[in-house]
Amino acid sequence: MAVHNYDLVVIGSGPAGESAAINAAKHGKRVAIVERQSSVGGNCTHWGTIPSKALRHQVKQIMQFNTNRMFRDIGEPRWFSFPKVLERSRVTIDQQVELRTKFYSRNRIDLFFGVARFRDEHTVVVRDNHEGAEELSAPQFVIATGSRPYRPADVNFRHPRIYCSDTILGLSHTPRTLIIYGAGVIGSEYASIFSGLGVKVDLIDTRERLLSFLDDEISDALSYELRNYGVLIRHNEEYQSVEGDEAGVVVNLKSGKRLRADAFLWANGRTGNTDELGLENIGLEANGRGQLQVDDHYRTAIPHISAVGDVIGWPSLASAAYDQGRSASDEFLGEDFRFVDDIPTGIYTIPEISSVGKTERELTEAKVPYEVAQAFFKDTARAQITGDTAGMLKILFHRETLEILGIHCFGDQASEIVHIGQAIMQQKGEANTLRYFINTTFNYPTMAEAYRIAAQNGLNRLF
Ligand SMILES: Cc1cc2nc3c(=O)[nH]c(=O)nc-3n(C[C@H](O)[C@H](O)[C@H](O)COP(=O)(O)OP(=O)(O)OC[C@H]3O[C@@H](n4cnc5c(N)ncnc54)[C@H](O)[C@@H]3O)c2cc1C
């Protein structure tokens, strides 16, 4: 077996692994990265973030064509099939793979394709599909193996009409009706995508409100918009059984309800990819969700083996995974370390949602004297021009110091808009107050105007 020696071996080429590897290589280290799929990019590029966001973008364009009256001069509303929309989304996946492959060659990082398994604390064996094996040895390792959909044993995922968020990308027709089980971020995003394609969606939520970690008003706004697009949301429900037959899927709920649809999408939970790592050979153990525990420097119980990204659980976002990967290799390089905990939420439903900082609920519980500053998109020139008038920006601020405590945005471009407020929130002292938005001139017309409108609205509430 060929043996290779490196300074750092990274397992997994998603955002977490990629940034760990590149950071170390840029500091002159000899780095290898191992990937079990046949191309780089991780589940992020192949099954998660990129395909779902590309799909969403195509669907949003179709919705605009179908709802904007101007387009009626050139044709009636048209419906596209899911496979057609998927085909366009694959272009983005290919572009991402090409780009990321170049990063490795440019930074002289050796890429190994195959499953990595620890033989001991300083060696992994990489087995490829052709039964070939190579041995990589290093003083430092980063585990960035990500996650996959959790698949309960009592749901038959081999049935052709029963899907998870990975296999849905192989859907070869457009169902007329779809049941989505799990109304977390992934379930809600796919509810938007499918309802935008004209599919009747039943969204089953095991909780009493959608995305309960969000500000209540924003969560209510999402429920309203999804219903507006024909999604039927059923709260506080759990499945008793999921049965596929020739024509569709029947879901029996514990509440006694019986639902039927052409297809079923399971979007309830994910499992860390640790089962093939040979953890037993190094004395590490994953928790019941397949996740590894790390300390506040991303070190596992074996200090020279770090773990980052989805495999360590919260927040399970590509955005955070990328920064965690860089931090883990900064730790190993002896550079300034940053624990990644101040993370904005970006949810790409239609319309999208984004927030950073505290919610009203949290501030109320902590008895912080806050006030609300609000702007509705319908009152901004930019939204009136684009027609994307559904939405709002809400800034929570301290009523005495005017310090910004939370930003919550719902509507078109929310995930971009939130970054303006986030940048101000990060400032120290008086630089982080609502006054910034009054004392600063923004381009006009832009969605940044919402910050000025909200700030004025908030200051007017003070007495
Ligand atoms: C449908 C969906 C939509 C999402 N949308 C967003 C979004 O909009 N924004 C956002 O920030 N996040 C989003 N996420 C989450 C995001 O995709 C993940 O947080 C991110 O992919 C985690 O990155 P990672 O590097 O930890 O792992 P991954 O991207 O999961 O990559 C891990 C890689 O490790 C490889 N691997 C596993 N085991 C081994 C082994 N033993 N040997 C070799 N290789 C191995 C895997 O094949 C995989 O390629 C979404 C997720 C899903 C499922």
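Source: prediction; values computed, not measured. (Residues numbered from 1 in each chain as written. Predicted model: local features only at pLDDT ≥ 70, side-chain atom pairs only at ≥ 80, totals over all residues. Heavy atoms only, no water.)

## Looking at the overall build of the protein chain
Turning to step 1, where the next piece is worked out: Counting its regular elements, the protein chain contains 12 helices and 24 strands.
Turning to step 2, where the next piece is worked out: Its C-alpha radius of gyration of 24 Å places the protein chain within 12% of the 23 Å reference for a compact globule of 463 residues.
Turning to step 3, where the next piece is worked out: Taking the principal axes of its C-alpha atoms as reference, the protein chain extends roughly 70 × 60 × 45 Å.
Turning to step 4, where the next piece is worked out: When each of the 463 residues of the protein chain is scored for burial, the buried share is 53%.
Turning to step 5, where the next piece is worked out: Contacts spanning at least 24 positions in sequence make up 63% of the contacts within the protein chain whose residues lie at least 6 apart.
Turning to step 6, where the next piece is worked out: In the form shown here, the protein chain has an accessible surface area of approximately 21900 Å², with 47% of it arising from carbon and sulfur atoms.
Turning to step 7, where the next piece is worked out: Side-chain charges of the protein chain comprise 50 positive and 59 negative groups, with the mean position of each set lying 5 Å from the other. (Helix = DSSP H or I, 4+ residues; strand = E, 2+ residues; numbered from the N terminus. Rg over C-alpha atoms; globule rule 2.2 N^0.38 Å. Buried < 20%, exposed > 50% of the residue type's maximum accessible area, 1.4 Å probe, protein only. Contact = heavy atoms within 4.5 Å. Areas by Shrake-Rupley, 256 points an atom, 1.4 Å probe, with all protein chains shown as cover. Lys, Arg positive; Asp, Glu negative; His and termini not counted. Charge placed at Lys NZ, Arg CZ, Asp CG, Glu CD.)

## Points about the UniProt feature "domain: FAD/NAD(P)-binding" (unreviewed entry) in the protein chain
Turning to step 1, where the next piece is worked out: The sites that carry the UniProt feature "domain: FAD/NAD(P)-binding" (unreviewed entry) are, in the present numbering, residues 6–325.
Turning to step 2, where the next piece is worked out: The distance from the first to the last C-alpha atom of residues 6–325 is 18 Å, and the span holds 29% helix and 24% strand. (UniProt positions renumbered as here; feature names shortened; annotations may be inferred.)

## Here we look at helix H4 (residues 82–106)
Since the α-helix advances by 3.6 residues per turn, residues separated by three or four positions end up pointing in the same direction.
Turning to step 1, where the next piece is worked out: Spanning 25 residues, H4 covers 36 Å between terminal C-alpha atoms, matching the ideal 36 Å at 1.5 Å per step.
Turning to step 2, where the next piece is worked out: As for H4, its buried residues are in contact with helix H1 (15–26), strand E3 (31–35), helix H2 (42–46), helix H3 (49–67), strand E4 (110–113) and helix H5 (185–196).
Turning to step 3, where the next piece is worked out: Trailing H4 by a residue or two, Arg 108 shows a phi angle of about 55 degrees, which is positive. (Expected span 1.5 Å × (residues − 1).)

## With respect to the side chain of His 46
Turning to step 1, where the next piece is worked out: With respect to the helices and strands, His 46 occurs in helix H2.
Turning to step 2, where the next piece is worked out: We classify His 46 as buried; its relative accessible area is 14%.
Turning to step 3, where the next piece is worked out: Ignoring sequence-local partners within four residues, the contact set of His 46 consists of Gln 37, Ser 39, Val 40, Gly 41, Pro 51, Ile 93, Val 97 and Leu 169.

## A short note on the domain arrangement of the protein chain
Turning to step 1, where the next piece is worked out: When the domains of the protein chain are assigned, the result is domain 1 (2–149 + 271–333), domain 2 (162–268) and domain 3 (351–460).
Turning to step 2, where the next piece is worked out: The C-alpha-based centres of domain 1 and domain 2 are spaced at 27 Å.
Turning to step 3, where the next piece is worked out: Residue-level contacts link 19 residues of domain 1 with 18 residues of domain 2.
Turning to step 4, where the next piece is worked out: Roughly 1600 Å² of surface becomes buried between domain 1 and domain 2 when both sides are summed, with 71% attributable to carbon and sulfur atoms. (Domains from an automatic or database assignment. Buried area = accessible area lost by both parts, 1.4 Å probe.)

## Topic: the sheet that holds strand E2 (residues 8–11)
Hydrogen bonding along the main chain pairs the strands of a sheet, whether they run parallel or antiparallel.
Turning to step 1, where the next piece is worked out: With respect to topology, five strands assemble into an open sheet ordered E4-E3-E2-E8-E19, the strand pairing being parallel. The open sheet has two free edges, formed respectively by E4 and strand E19 (305–307), since each of these has just one partner strand. Between one strand and the next, the sheet's axes are offset by a mean angle of 20 degrees, whatever the strand orientation.
Turning to step 2, where the next piece is worked out: Docked against the sheet, H1 engages E2, E3 and strand E8 (140–143), running at close to 165 degrees with respect to E3. (Pairing = 2+ DSSP bridges. Axes fitted to C-alpha atoms, helices over the stretch in contact; angles between N-to-C directions.)

## Remarks on the sheet that holds strand E13 (residues 232–234)
Turning to step 1, where the next piece is worked out: Reading across the sheet, the five strands line up as E10-E17-E11-E12-E13 and stay open at both edges, with parallel pairing between neighbours. The two strands at the open ends of the sheet, each matched to only one other strand, are strand E10 (162–164) and E13. Strand-to-strand twist across the sheet, computed as the mean angle between neighbouring axes with direction ignored, equals 20 degrees.
Turning to step 2, where the next piece is worked out: Along the sheet, H5 contacts strand E11 (177–181), strand E12 (200–204) and strand E17 (263–266); its crossing angle with E12, the most-contacted strand, is approximately 170 degrees.

## Examining the nonpolar core
Turning to step 1, where the next piece is worked out: Membership of the largest hydrophobic core comes to 47 residues, with the highest contact counts inside it found for Val 9 and Leu 136.
Turning to step 2, where the next piece is worked out: Take this core: its biggest share by element is six residues, from H1.
Turning to step 3, where the next piece is worked out: Once residues lying within four places of it in the same chain are set aside, the contact partners of Leu 136 are His 4, Tyr 6, Val 9, Ala 32, Val 34, Phe 112, His 122, Thr 123, Val 124, Val 126 and Phe 141.
Turning to step 4, where the next piece is worked out: The next biggest cluster of nonpolar side chains, apart from the first, holds 39 residues, and it includes Phe 194, Val 199, Leu 222 and Ile 350. (Core = buried A, V, L, I, M, F, W, Y, C linked by side-chain atoms within 4.5 Å.)

## Points about H5
Turning to step 1, where the next piece is worked out: With 12 residues, H5 extends 17 Å from end C-alpha to end C-alpha; this agrees with the ideal 16 Å at 1.5 Å per step.
Turning to step 2, where the next piece is worked out: Across the 12 residues of H5, 10 count as buried, placing the element largely inside the fold.
Turning to step 3, where the next piece is worked out: Buried within H5 we find Gly 187, Ser 188, Glu 189, Tyr 190, Ala 191, Ser 192, Ile 193, Phe 194, Ser 195 and Gly 196.

## A short note on the site of the ligand
Turning to step 1, where the next piece is worked out: With respect to spatial proximity, 36 residues lie near the ligand, and among them Glu 35, Asn 43, Thr 49, Asp 310 and Ala 318 are the closest.
Turning to step 2, where the next piece is worked out: Here the ligand has 1000 Å² of accessible area as a free molecule, and 95% of this is covered by the chains.
Turning to step 3, where the next piece is worked out: Of all the secondary structure elements, the ones that give two or more residues to the shell around the ligand are H1, E3, H2, H3, strand E5 (115–120), H5 and helix H7 (318–333).
Turning to step 4, where the next piece is worked out: Looking at the shell around the ligand, its residues break down into 15 nonpolar, 16 polar and five charged. (Near = heavy atom within 4 Å. Nonpolar A, V, L, I, M, F, W, Y, C, P; charged D, E, K, R; others polar.)

## Remarks on the UniProt feature "binding site: FAD" (unreviewed entry) in the protein chain
Turning to step 1, where the next piece is worked out: Under the feature "binding site: FAD" (unreviewed entry), the UniProt entry names Glu 35, Arg 36, Gln 37, Ser 38, Ser 39, Val 40, Gly 41, Gly 42, Asn 43 and Cys 44.
Turning to step 2, where the next piece is worked out: Mapped onto the elements of the fold, Ser 38 is located in the loop between E3 and H2.
Turning to step 3, where the next piece is worked out: Along the chain, Cys 44 falls in helix H2.
Turning to step 4, where the next piece is worked out: Classification of Cys 44 by relative accessible area gives buried; the value is 17%.
Turning to step 5, where the next piece is worked out: Residues within four places of Cys 44 in sequence aside, it is in contact with Pro 15, Thr 49, Ile 50, Pro 51 and Ala 318.

## Description of the packing of aromatic side chains
Any two aromatic rings considered together are summarised by their centre-to-centre distance and by the angle between their planes.
Turning to step 1, where the next piece is worked out: Overall, the coordinates contain 16 aromatic pairs when judged by the stated rule.
Turning to step 2, where the next piece is worked out: Centre to centre, the rings of Tyr 6 and Phe 112 are 6.2 Å apart; their planes meet at 85 degrees, and the pair counts as edge-to-face. One end of the pair, Tyr 6, is in the loop between strand E1 (2–5) and E2; the other, Phe 112, is in strand E4, with 106 residues separating them in the sequence. Here Tyr 6 and Phe 112 have matching classes, each one buried.
Turning to step 3, where the next piece is worked out: When the centroid spacing of 5.2 Å and the interplanar angle of 65 degrees are considered together, the rings of Phe 118 and Phe 141 count as edge-to-face. Linking Phe 118 in strand E5 with Phe 141 in strand E8, this pair joins segments that are 23 residues apart in sequence.
Turning to step 4, where the next piece is worked out: Here Phe 141 falls in the buried class, since its relative accessible area comes to 1%.
Turning to step 5, where the next piece is worked out: Through successive ring pairs, a cluster of aromatic residues spans Tyr 150, Phe 157, Tyr 181, Tyr 239 and Trp 266.
Turning to step 6, where the next piece is worked out: Positioned over the ring face of Phe 65 is Arg 72, at 5.1 Å from the centre of the ring.
Turning to step 7, where the next piece is worked out: Arg 399 extends its terminal NZ or CZ atom over the ring of Phe 463, reaching a point 4.7 Å from the ring centre. (Phe/Tyr/Trp six-rings, centres within 6.5 Å; stacked < 30°, edge-to-face > 60°. Lys NZ or Arg CZ within 6 Å of the ring centre and 35° of its normal.)

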